[in-house]
Amino acid sequence: MNTVSTASPVIAFIGGGNMASAIIGGLIGQGQSADRIVVVEPFEAARDALRTNFGITAHADAAAAASALEGAGIVVWAVKPQTFKEAAQAVAPHTAQALHLSVAAGIPTDSIAQWLGTGRIVRAMPNTPALVGKGMTGLFACAQVDAAGKSAIEQVVATTGQFVWVDQEAHLDAVTALSGSGPAYVFLFLEAMTQAGVDMGLTAEQSYRLGVATFQGASELAARSTESADVLRQRVTSKGGTTHAAITHMQAQQVPEHFVAAMRAAETRAKELAAEFGR
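Reading the values: rules and limits
- In this numbering scheme, every chain counts its residues from 1 along its sequence in written order.
- Local features in a predicted model are, by the rule used here, given only for residues with pLDDT of at least 70; side-chain atom pairs are given and counted only at 80 or more, and totals for whole chains, interfaces and linings are based on all residues.
- As a rule here, side-chain values come from all non-hydrogen atoms in the structure, and water together with hydrogens is ignored.
- UniProt positions are given in the numbering used here, feature names are shortened, and annotations may be inferred rather than shown by experiment.
- Only strands that DSSP links by at least two bridges are regarded as paired with each other.
- Only runs of H or I of at least four residues qualify as helices and only runs of E of at least two qualify as strands under DSSP, and these elements are numbered from the N terminus.
- In this analysis, axes come from line fits to C-alpha atoms, helices being fitted only over the stretch in contact, and the angle between any two N-to-C directions falls in the range 0 to 180 degrees.
- Residue ranges for the domains originate in an automatic or database domain assignment.
- Whether two residues are in contact is decided by their heavy atoms, any of which lying within 4.5 Å being enough.
- As a working definition, buried area equals the accessible area (1.4 Å probe) given up by two parts on being put together, with both sides summed.
- A pairing counts as a salt bridge when a side-chain nitrogen of Lys or Arg comes within 4 Å of a carboxyl oxygen of Asp or Glu.
- For this classification, the nonpolar set comprises Ala, Val, Leu, Ile, Met, Phe, Trp, Tyr, Cys and Pro, the charged set comprises Asp, Glu, Lys and Arg, and every other residue, Gly included, is treated as polar.
- Each Phe, Tyr or Trp ring (for Trp, its six-membered ring) is paired with any other whose centre lies within 6.5 Å, and the angle between the two planes then decides the class: stacked below 30 degrees, edge-to-face above 60, tilted in between.
- Burial here depends on accessible area, computed with a 1.4 Å probe over protein chains only, as a share of the maximum for the residue type. Under 20% is buried, over 50% is exposed, and the range in between is partly exposed.
- By the criterion adopted, a ring carries a charge over it if an Arg CZ or a Lys NZ lies within 6 Å of its centre and within 35 degrees of its normal.
- Working rule for helices: expected span equals 1.5 Å times residues minus one.
- For classification purposes, angles smaller than 35 degrees are called roughly parallel, those larger than 145 roughly antiparallel, those between 65 and 115 roughly perpendicular, and all remaining angles oblique.
- Left-handed describes a crossing whose near helix is turned anticlockwise from the far helix by less than a right angle; the clockwise case is right-handed.

The chain is annotated in an unreviewed UniProt entry as Pyrroline-5-carboxylate reductase from Delftia acidovorans. A UniProt comment under Sequence similarities (unreviewed entry) is attached to the chain, and it reads "Belongs to the pyrroline-5-carboxylate reductase family."

Here it is as structure tokens:
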């Protein structure tokens, strides 16, 4: 994993919620000095938590952070989609020199470029395992972002886990549906597995531990294997056995088809967010 130099330019965060905290924690863990990080966060409790947890500087608004923003090499946009435009209008006068990284869901780069007055924008779709350094982030760079800019973004994002570049911005909607929303699918299955365990006589704690460990182990096995998920599934599905009984039941209930349809619904909602908040 790349290590962030303590001599790095200031990295500014607009918004100081969970995703910003995950990135900040990763940056500091990889060597970024806390005095080279600044956050604009309107909520006092969140500012206090950032100062306490990371020893960074946090301001209530862009005006208070103006001098720090003007020296920022990278600005990370970690705001809610519905507040992005207003925040951008306040910040833009101070960040003409910066490379911008947006982790806001659904807001397209053409809208961000219009609001900020620059095309040096990378749009990202992270997910919540970034909070424990196991995230997966999809990245798309505008044409004005050069190789050095992409490398700088990679150093930031790699502190929270893995990343993958896509060459079409529209593909970020698919990333959103697959990995951005994906942790919730895993948690839903964990809920169901826990309930099934309880129904079969185990305690909730036993069932949950079994489910979590199974997801962890299966994911690690898939990550290390050169075989497809289909082949891996078949290797543990002996005809007439217990796994076969479960899999054939799910197939009969069209669980895979419903699962694909659910992710297409997430993709559609990502497009709707862009239309709703990106203008």
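### What about the sheet that holds strand S2 (residues 37-40)?
Strand order in the open sheet formed by 8 strands is S3-S2-S1-S4-S5-S6-S7-S8, with mixed pairing between adjacent strands. Each having just a single partner strand, strand S3 (57-59) and strand S8 (161-165) make up the two edges of the open sheet. When the angles between neighbouring strand axes are averaged without regard to direction, this sheet yields 25°. Judged from the 3 bridges that link them, strand S5 (residues 99-102) and strand S6 (residues 121-125) form a sheet pairing that is parallel. Following the sheet pairing, His100 is matched in S6 by Ile121.

### Section: the domain arrangement of the chain
Domains assigned within the chain are domain 1 (11-172) and domain 2 (181-275). In this assembly, 6 residues from domain 1 lie in contact with 5 residues from domain 2. Summed over both sides, the interface between domain 1 and domain 2 buries roughly 420 Å², with carbon and sulfur atoms accounting for 65% of that surface. The tally of links between domain 1 and domain 2 comes to 0 salt bridges. Of the residues in the side of domain 1 that touches domain 2, the class split is 3 nonpolar, 3 polar and no charged.

### Examining the packing of aromatic side chains
Two aromatic rings, taken as a pair, are described by how far apart their centres are and by the angle between their planes. Counted according to the given criterion, the structure contains 4 aromatic pairs. Note on Phe84 and Trp115: the rings are 5.6 Å apart at their centroids and 50° apart in plane angle, and the pair reads as tilted. Highlighted residues: Phe84 in helix H4 (residues 84-91) and Trp115 in helix H5 (residues 109-116), separated in sequence by 31 residues. For the pair shown, Phe84 and Trp115 are each scored as buried. Ring centres of Tyr185 and Phe259 lie 5.6 Å apart, and the angle between their planes is 80°; on these two criteria the pair is classed as edge-to-face. Placement of Tyr185 in helix H8 (residues 182-199) and of Phe259 in helix H12 (residues 255-277) is noted, with a sequence separation of 74 residues between them. Phe259 gets classed as partly exposed once you look at its relative accessible area, which sits at 33%. These aromatic residues form a ring-pair network of at least three members: Trp77, Phe84 and Trp115. Positioned above the aromatic ring of Trp165, the side-chain terminus of Lys150 is 5.5 Å from the ring centre.

### With respect to the UniProt feature "domain: Pyrroline-5-carboxylate reductase catalytic N-terminal" (unreviewed entry) in the chain
Following the UniProt record, the feature "domain: Pyrroline-5-carboxylate reductase catalytic N-terminal" (unreviewed entry) maps to residues 11-106 here. Measuring from the first to the last C-alpha atom of residues 11-106 gives 23 Å, for a span that is 38% helix and 22% strand.

### So, H12
The first and last C-alpha atoms of H12 sit 33 Å apart over 23 residues, in line with the 33 Å expected at 1.5 Å per residue. Those residues of H12 lying buried are Met263, Ala266, Glu267, Ala270, Leu273 and Ala274. Where H12 is buried, its residues contact helix H7 (171-180) and H8.

### Focus on the packing of H8 against helix H9 (residues 204-224)
Between H8 and H9, whose axes approach to 8 Å, the crossing angle comes to 140°. In terms of orientation, H8 and H9 fall into the oblique class. The element H8 and its partner H9 pack so that their crossing is right-handed. The segment H8 lies against H9, with Val186, Phe189, Leu190, Met193, Thr194, Gly197 and Val198 engaging Ala204, Ser207, Tyr208, Gly211, Val212 and Phe215. The residue inventory of the contact of H8 with H9, partitioned by class, reads 9 nonpolar, 4 polar and no charged.

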